[in-house]
Amino acid sequence: MTHLLKHLRHNPLLVLLVFVPAVFIAERLRADAHTMLFVLSVLAIVPLAALLSQATESVAVRTGDAVGGLLNATLGNLTELVIALAALRAGQYTLVKASIAGAIVTNTLFVLGTSFLLGGLKHHLQEYNRISARVQAAMLFLATIALLVPSVLGADAGPRAAFTHHLSVGLSVLLIVAYGLGMTFSLKTHRELFTSAGHAEGEGEPTWPIGLAVATLVVVTVVVALVSEVFVESAQEAAVSMGMTPAFVGFIVVALVGGAAEMASAFSGARKNRLDLSVGIALGSASQIALFVAPVLVLVSYLLGPAPMDLRFWPGAVVMMLFATLTASLVTNSGRSAWFVGVLVLMVYLVFAMTLYLLPPQVV
């Protein structure tokens, strides 16, 4: 506990932890104050993300950046999974699909681009494992193709609706199998290809004991998920009062807040010249959502949802996911990065964000 208390004293952001109980108290007393709950939940997730970042770095020091990136992506995606399951039970499939597409685009472009920018501002040139990045980008491209097919050929009603649902189930099984085989390839049979390429700084910095780090990861992830549920419930109503479109909330706001935990770790890793960790978090999280979270939600919808969910996305969302994947494949081809590469990636993300902000609601 000494390590945890010391970290609490030296990190000013953790003062915001007072907003964690404030969120749950406000939800009990003022459940209809959506804008207030929205602001409080955002302020509560920020310090939780900082704690999760420190705990993940402590585990990554002992497991290596490849496993550390996978671990952070998995724990970070638990938030998106819990949010999606809650929306699934309520039958809000539009919100589920928007959060999935938004998380993929945000991780692929915003997290990756900001990591390149922050790391490049401190280090003239950074290197990372090109093979690892290319494998993750290839897995993400596979998932994008699987989402594109039902979105182009499927339909909501008529005889083609049954075809869409059957195709979605088959594609979900294929994607889960591909994800499992990809993990076997990178963590077991060819793990030597995924070693870190950079030279991390701060190796002498104190880290938490593995028991404390794992316990913190579990507890904080659960709390983040609970706070995120409050955030999602209040986001739509708060968005109306703030002048944001539903598409912008689903694709951008929910994805940014829901992925705050892995973002903190990715940005911290980039500043410490541990770009393998940052790239692993960004692309690993995106591919995990596309290859595992989305297919699982389709299968679980047959048990929890009022009706089965399919993999038919709004065409604009599929186009954004496809271009995000192609952008990631292009910029990770060399295994090197500088700050301007991050700027270019972020510009693609800002093009999407501006479009969604100005997009008329009826287009989605």
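These figures come from a predicted structure and were not determined experimentally.

**Concerning the overall build of the protein chain**
Step number 1: On a plain count of helices and strands, the protein chain comes out with 13 helices and 2 strands.
Step number 2: Burial status across the protein chain gives 52% buried among its 364 residues.
Step number 3: For the protein chain, the proportion of contacts with a sequence separation of at least 24, taken over those separated by at least 6, is 85%.
Step number 4: Surface summary for the protein chain: the accessible area is close to 15600 Å², and the carbon and sulfur share equals 70%.

**A look at the packing of aromatic side chains**
Step number 1: According to the stated counting rule, one finds 7 aromatic pairs in the structure shown.
Step number 2: Seen from their ring centres, F110 and Y349 are 5.3 Å apart, and the 45 degrees between their planes marks the pair as tilted. Placement of F110 in helix α5 (residues 93-122) and of Y349 in helix α13 (residues 339-358) is noted, with a sequence separation of 239 residues between them.
Step number 3: Since its relative accessible area comes to 4%, Y349 is described here as buried.
Step number 4: Ring centres of W339 and F340 lie 5.8 Å apart, and the angle between their planes is 80 degrees; on these two criteria the pair is classed as edge-to-face.

**Focus on the packing of helix α6 (residues 130-153) against helix α11 (residues 275-304)**
Step number 1: Running from N to C, α6 and α11 cross one another at 25 degrees; their axes reach a closest spacing of 9 Å. Between α6 and α11, the angle falls in the class roughly parallel. Pair α6 / α11 crosses with left-handed handedness. Within the contact between the two elements, α6 uses A133, Q136, M139, L140, L142 and A143 and α11 uses V279, L283, G284, A286, S287, A290 and L291.
Step number 2: Along the lines of polarity and charge, the residues of the contact of α6 with α11 split into 10 nonpolar, 3 polar and no charged.

**Some remarks on the pattern of salt bridges**
Step number 1: Enumeration over the complete set of coordinates arrives at 3 salt bridges.
Step number 2: The salt bridge involving K97 is made with D310; its shortest N-O contact spans 2.8 Å. Of the two residues, K97 is situated in helix α5 and D310 in the loop between α11 and α12 (315-331); the sequence distance between them amounts to 213 residues. Accessibility assignment for this pair places K97 and D310 in one class, buried.
Step number 3: Residue E127 is joined to R336 by a salt bridge in which the shortest nitrogen-to-oxygen separation is 3.4 Å. In this pair, E127 sits in strand β1 (residues 126-127) while R336 sits in strand β2 (residues 336-337), placing the two residues 209 residues apart along the sequence.
Step number 4: For E127, a relative accessible area of 37% translates into the label partly exposed.

**Let's talk about the environment of V173**
Step number 1: Of note, V173 is situated in helix α7 (residues 159-189).
Step number 2: Residue class for V173 comes out partly exposed when judged on its relative accessible area of 44%.

**A word on a nonpolar patch on the surface**
Step number 1: Together, F141, I145, V149, V152, L153, F163, V319, F323 and L326 make up a nonpolar patch on the protein surface, roughly 730 Å² of accessible area in all.
Step number 2: Among the secondary structure elements, those contributing two or more residues to the nonpolar patch are α6 and α12.
Step number 3: Ranked by residues supplied to the nonpolar patch, first place goes to α6 with 5 residues.
Step number 4: Its place among the elements puts F323 in helix α12.
Step number 5: On the basis of relative accessible area, F323 is assigned to the partly exposed category, the value being 45%.

**Observations regarding unusual backbone geometry**
Step number 1: The backbone of N273 sits at a positive phi, close to 65 degrees, despite the residue not being glycine.
Step number 2: By relative accessible area, which is 14% here, N273 ends up buried.

**Focus on the confidence of the model for the protein chain**
Step number 1: In this model, the protein chain carries an average pLDDT of 82, and 84% of its residues clear a pLDDT of 70 or more.
Step number 2: The weakest mean pLDDT in the protein chain belongs to helix α1 (residues 2-10) at 59; the strongest belongs to α13 at 93.

Conventions adopted
Residues numbered from 1 in each chain as written. Predicted model: local features only at pLDDT ≥ 70, side-chain atom pairs only at ≥ 80, totals over all residues. Heavy atoms only, no water. Helix = DSSP H or I, 4+ residues; strand = E, 2+ residues; numbered from the N terminus. Buried < 20%, exposed > 50% of the residue type's maximum accessible area, 1.4 Å probe, protein only. Contact = heavy atoms within 4.5 Å. Areas by Shrake-Rupley, 256 points an atom, 1.4 Å probe, with all protein chains shown as cover. Phe/Tyr/Trp six-rings, centres within 6.5 Å; stacked < 30°, edge-to-face > 60°. Axes fitted to C-alpha atoms, helices over the stretch in contact; angles between N-to-C directions. Parallel < 35°, antiparallel > 145°, perpendicular 65-115°, else oblique. Left-handed = near helix turned anticlockwise from the far one by under 90°. Nonpolar A, V, L, I, M, F, W, Y, C, P; charged D, E, K, R; others polar. Salt bridge = Lys/Arg side-chain N within 4 Å of Asp/Glu carboxyl O. Patch = residues over 30% accessible without salt bridge, like charges linked within 9 Å, V, L, I, M, F, W, Y side chains within 5 Å. pLDDT = per-residue confidence, 0-100.

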